Amino acid sequence: MAIEPEEPQAVVEEEEQEGGPVKSFLEHLEDLRWTLIKSIVAAAVAMLICLLGGNYVVNVIERPLFKAKMKYPKGVQVWAVFFGTNQIASFQIHTNQVPSLPFGTNPFVGLQLEPVVESNDVVLRLKVDTNASAAAGQRLPIQLINLGPAGAFVIATKVALYAGLVLAAPFILYFVAEFAFPALRMKEKKYAYRGLLFGGGLFAAGITFCYFVLMPLALTASVQYSEWLGFSATTWRAEDFISFVCKFMLGMGLGFELPVVILVLAKIGIVNYQMLSRGRRYVIVINFILGAVLTTPEMITQILMAIPLQILYEITVWITWYWERKERKRQAALESAVVGG
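Parameters at a glance
Residues numbered from 1 in each chain as written. Predicted model: local features only at pLDDT ≥ 70, side-chain atom pairs only at ≥ 80, totals over all residues. Heavy atoms only, no water. Helix = DSSP H or I, 4+ residues; strand = E, 2+ residues; numbered from the N terminus. Contact = heavy atoms within 4.5 Å. Areas by Shrake-Rupley, 256 points an atom, 1.4 Å probe, with all protein chains shown as cover. Pairing = 2+ DSSP bridges. Axes fitted to C-alpha atoms, helices over the stretch in contact; angles between N-to-C directions. Expected span 1.5 Å × (residues − 1). Buried < 20%, exposed > 50% of the residue type's maximum accessible area, 1.4 Å probe, protein only. Arc of directions from axis to C-beta. Phe/Tyr/Trp six-rings, centres within 6.5 Å; stacked < 30°, edge-to-face > 60°. Salt bridge = Lys/Arg side-chain N within 4 Å of Asp/Glu carboxyl O. 1 Å grid on protein atoms, 1.4 Å probe; cavity = no way out; pocket = protein on both sides within 12 Å on 5 of 7 lines; lining within 4 Å. Points joined across faces, edges and corners; volume = space filled by probe spheres on them. Nonpolar A, V, L, I, M, F, W, Y, C, P; charged D, E, K, R; others polar. Bend = angle between axes of the 7 residues up to and from the residue.

A.B. asks: Just to check I follow, could you spell out the overall build of the protein chain for this structure?
C.D. replies: Looking only at helices and strands, one finds eleven helices and six strands in the protein chain. Pairs at least 24 apart in sequence give 73% of the contacts found in the protein chain among residues at least 6 apart. Approximately 21,900 Å² of the protein chain is accessible, and the part contributed by carbon and sulfur atoms is 67%.

A.B. asks: Got a minute to help me understand the sheet that holds strand β1 (residues 76-83) in this structure?
C.D. replies: Where strands meet in a sheet, backbone hydrogen bonds hold them as pairs that are either parallel or antiparallel. Taken in spatial order, the four strands line up as β2-β1-β3-β4 in an open sheet, and their pairing is mixed. Strand pairing shows two members of the sheet lacking a second neighbour, β2 (86-94) and β4 (121-128), which therefore form its edges. Here the average twist between neighbouring strands, direction ignored, is 25°. Across eight bridges, the pairing between β1 and β2 is antiparallel. Bridge pairing links Phe-82 to Gln-87 in β2.

A.B. asks: It is not clear to me how helix α10 (residues 280-294) should be interpreted in this structure. Could you clarify?
C.D. replies: Residues three or four positions apart in an α-helix share a direction because the helix packs 3.6 residues into each turn. Taking 1.5 Å as the rise per residue, α10 with 15 residues should run 21 Å; its terminal C-alpha atoms sit 21 Å apart, in good agreement. All of the buried residues in α10 are Val-283, Asn-287 and Gly-291. Angularly, the buried residues of α10 cover 85° about the axis, an arc narrow enough to put them on a single face. Across from the buried face of α10, at angles greater than 90 degrees, the exposed residues are Arg-281, Tyr-282 and Val-293.

A.B. asks: Got a minute to help me understand the pairing of β4 in this structure?
C.D. replies: For a regular strand, side-chain orientation follows a simple rule: the groups alternate between the two sheet faces. Sheet analysis places strand β3 (residues 108-118) next to β4, joined by eight bridges and oriented antiparallel. Bridge pairing in β4 links Leu-111 to Val-128.

A.B. asks: Could you clarify how one ought to interpret the packing of aromatic side chains in this entry?
C.D. replies: The relation between two aromatic rings is expressed through the spacing of the ring centres and the mutual angle of the planes. For the coordinates displayed, the defined rule picks out seven aromatic pairs. The interplanar angle of 85° and the centroid separation of 4.9 Å between the aromatic rings of Tyr-211 and Phe-212 together place this pair among those described as edge-to-face. What makes Tyr-211 buried here is its relative accessible area of 12%. A ring pair is formed by Tyr-273 and Trp-318, whose centres lie 6.3 Å apart and whose planes are at 45°; its orientation type is tilted. You can see Tyr-273 sitting in helix α9 (residues 273-278) and its partner Trp-318 sitting in helix α11 (residues 299-340), a full 45 residues away along the chain. Exposure remark for Tyr-273: the relative accessible area of 16% places this residue in the buried category. By relative accessible area, which is 47% here, Trp-318 ends up partly exposed. A connected cluster of aromatic rings, assembled from ring pairs, spans Tyr-273, Trp-318 and Trp-321.

A.B. asks: What is the right way to look at the pattern of salt bridges in this model?
C.D. replies: Between side chains of opposite charge, pairing is possible as soon as their charged atoms come close. What the rule picks out here adds up to eight salt bridges. Among the salt bridges present, the one from Lys-38 reaches Glu-178, with a minimum N-O distance of 3.0 Å. Separated by 140 residues along the polypeptide, Lys-38 in helix α2 (residues 25-52) and Glu-178 in helix α5 (residues 151-180) bring together distant segments of the chain. Judged by relative accessible area, Lys-38 falls into the partly exposed class, the value being 30%. Judged by relative accessible area, Glu-178 falls into the partly exposed class, the value being 39%. The salt bridge partner of Glu-239 is Lys-158, with a shortest N-O separation of 3.2 Å.

A.B. asks: Mind showing me how you'd approach the layout of surface pockets here?
C.D. replies: If you roll a probe as big as a water molecule over the atoms, it shows you where there is empty space left. Its boundaries defined by the atoms lining it, the largest pocket holds a volume of some 860 Å³. Lining the largest pocket are 27 residues, and of these Tyr-162, Val-166, Phe-203, Ile-207 and Leu-250 sit closest to its centre. At the level of secondary structure, the elements contributing two or more residues to the lining of the largest pocket comprise α3 (54-67), α5, α6 (186-228) and α7 (238-255). Looking at the lining of the largest pocket, its residues break down into 22 nonpolar, four polar and one charged.

A.B. asks: Is there a simple way to think about α6 in this case?
C.D. replies: With 43 residues, α6 ought to run about 63 Å at 1.5 Å a step, and its terminal C-alpha atoms sit 59 Å apart, in line with that. Of all bends in α6, the biggest is about 45°, found at Leu-214, and the proline Pro-216 comes one to four residues later. Backbone geometry just downstream of α6 places Gly-230 in the positive-phi region, at approximately 95°.

Next up, the structure:
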């Protein structure tokens, strides 16, 4: 009778070491089915919310376009024409073409288009807007347009798809973890929790860096490259713009996940410090290829994308070196203890 209370405790300890209670194949399939159902429902609800608030999501996606600044060469005065608060056009006036500039030497001039009643006619008059800031004149002269009757619905669907997946991602990860974690040992769960926390932070950092730093530079480079080729860059398809921005940010977020993948491979013994150190030159090439694929075809944004990815890789290499050094010391201590014993 004295040994009966010890059996549940032994079972609990065994379950903790081996990964929880043993289930049949059909029970695992049932758990997987409910995991998929809950994930699909979470994604559908998030997409519906983003579809109903599509105008707010589009405003967020358009923000890098409004924050991007146009770069002009020296000897150019920019006339930005506004109707109300909307910029409808901009003109580059070269100082060698107009010997005496009518609006002084300011590089940016704001002109307000306003209706004026003269006799029985209404005419439009340009008036210098002294409240127009230089930033307004530097703003990219881009207008997003829809070129089809079904275009708005396609755009709304894409916005809901991208934004909904981002919104539902924490819930989907929770449901997947709820399915997979009972099969893990306590030590494996500890590393999995750390990996999820570290990976989620890096993913958010990658999206934030792309949204606030890389995206405005990439959009500016795209406009200037188009003008250098002699093409007009004043109108873009809204569908193409939204796809470019969302894919760019998603690619940058996934690129920032690389350290998590490498550290997991190092922890399970597939890669080591020597392999990572020798592969440094190949990773540099891969980072620039990613920059060329995910960004605009010019060097500045490619370099700005490749640099943080390479820095993260170097940090990963040194973390792997520290882990191996720590493991060697532990093994040496164990060998010394065995020899001494």
